[in-house]
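# Structural overview for review
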Amino acid sequence: MICDICGKNGAWIPRVTRTYGRGRSAFLIEGVPVIGCPHCGGSYLTADTLKEIERIRMHWRQLASDRSVPVARFRGAA
């Protein structure tokens with residue numbers, strides 16, 4: 001895949017989990033495709049991915065399933 005930032009071939013698409021919202025309205029979206037480039041170090045979301053994220057954000061209460069998630073706090077040096 002060609003990177004839209006630097007134009008070099010070799011970009012990859014890992015799927016990540018992203019957090020949206022705060023407090024009681026916080027939720028996760030799993031499997032978000034993020035394009036990453038090993039040449040320039042850039043990462044970005046496509047327009048189609050952003051549209052789908054926005055759709056999920058608008059209707060997350062209907063789309064989300066409740067799951068218990070363990071949470072750890074980072075306490076290392078800043």
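Residues numbered from 1 in each chain as written. Predicted model: local features only at pLDDT ≥ 70, side-chain atom pairs only at ≥ 80, totals over all residues. Heavy atoms only, no water.

## A short note on a nonpolar patch on the surface
A cluster of nonpolar side chains, Leu 28, Val 69 and Val 71, forms an exposed patch at the surface whose accessible area comes to about 310 Å². Relative to the helices and strands, Val 71 resides in the segment after helix H2 (60–63). (Patch = residues over 30% accessible without salt bridge, like charges linked within 9 Å, V, L, I, M, F, W, Y side chains within 5 Å. Areas by Shrake-Rupley, 256 points an atom, 1.4 Å probe, with all protein chains shown as cover. Salt bridge = Lys/Arg side-chain N within 4 Å of Asp/Glu carboxyl O. Helix = DSSP H or I, 4+ residues; strand = E, 2+ residues; numbered from the N terminus.)

## A short note on the pattern of salt bridges
Enumeration according to the criterion identifies 2 salt bridges in this entry. Its salt-bridge partner being Arg 67, residue Glu 30 comes within 2.8 Å of it at the nearest N-O pair. Of this pair, Glu 30 sits in strand S2 (residues 27–33) while Arg 67 sits in the segment after H2; the two residues are 37 residues apart in sequence, bridging distant segments of the chain.

## Section: helix H1 (residues 47–58)
Counting along an α-helix, one turn takes 3.6 residues, and residues three or four places apart therefore face a common direction. For H1, with 12 residues, the first-to-last C-alpha span of 17 Å sits near the 16 Å given by 1.5 Å per residue. Within H1, the full set of buried residues consists of Thr 49, Ile 53 and Ile 56. Buried residues in H1, looked at end-on, bunch into an arc of 60°, giving them a common side. Away from its buried face by more than 90 degrees, H1 exposes Ala 47, Asp 48, Lys 51 and Met 58. Elements in contact with the buried residues of H1: strand S1 (15–20), S2 and H2. (Expected span 1.5 Å × (residues − 1). Buried < 20%, exposed > 50% of the residue type's maximum accessible area, 1.4 Å probe, protein only. Arc of directions from axis to C-beta. Contact = heavy atoms within 4.5 Å.)

## Quick notes on the side chain of Thr 49
Within the element layout of this structure, Thr 49 appears in helix H1. Here the side chain of Thr 49 touches Thr 46 through a polar contact of 3.0 Å, side chain to side chain. Contacts of Thr 49, omitting those with residues within four sequence positions, involve Val 32 and Pro 33. (Polar contact = N/O pair within 3.5 Å; in protein donor to acceptor, adjacent residues only side chain to side chain.)

## What to know about the nonpolar core
Considering soluble globular proteins, one finds that nonpolar side chains tend to be buried as a cluster. If you look at the biggest cluster of nonpolar residues, it comprises 8 residues: Tyr 20, Phe 27, Ile 29, Val 32, Val 34, Ile 53, Ile 56 and Trp 60. Those elements giving two or more residues to this core turn out to be S2 and H1. With 3 residues, S2 is the largest single contributor of residues to this core. Not counting residues up to four positions away in its chain, the partners in contact with Val 34 are Trp 12, Ile 13, Pro 14, Val 16, Arg 18, Ser 43, Tyr 44 and Leu 45. Residues Cys 3, Ala 11, Ile 35 and Cys 37 belong to the second largest nonpolar core, which totals 5 residues. (Core = buried A, V, L, I, M, F, W, Y, C linked by side-chain atoms within 4.5 Å.)

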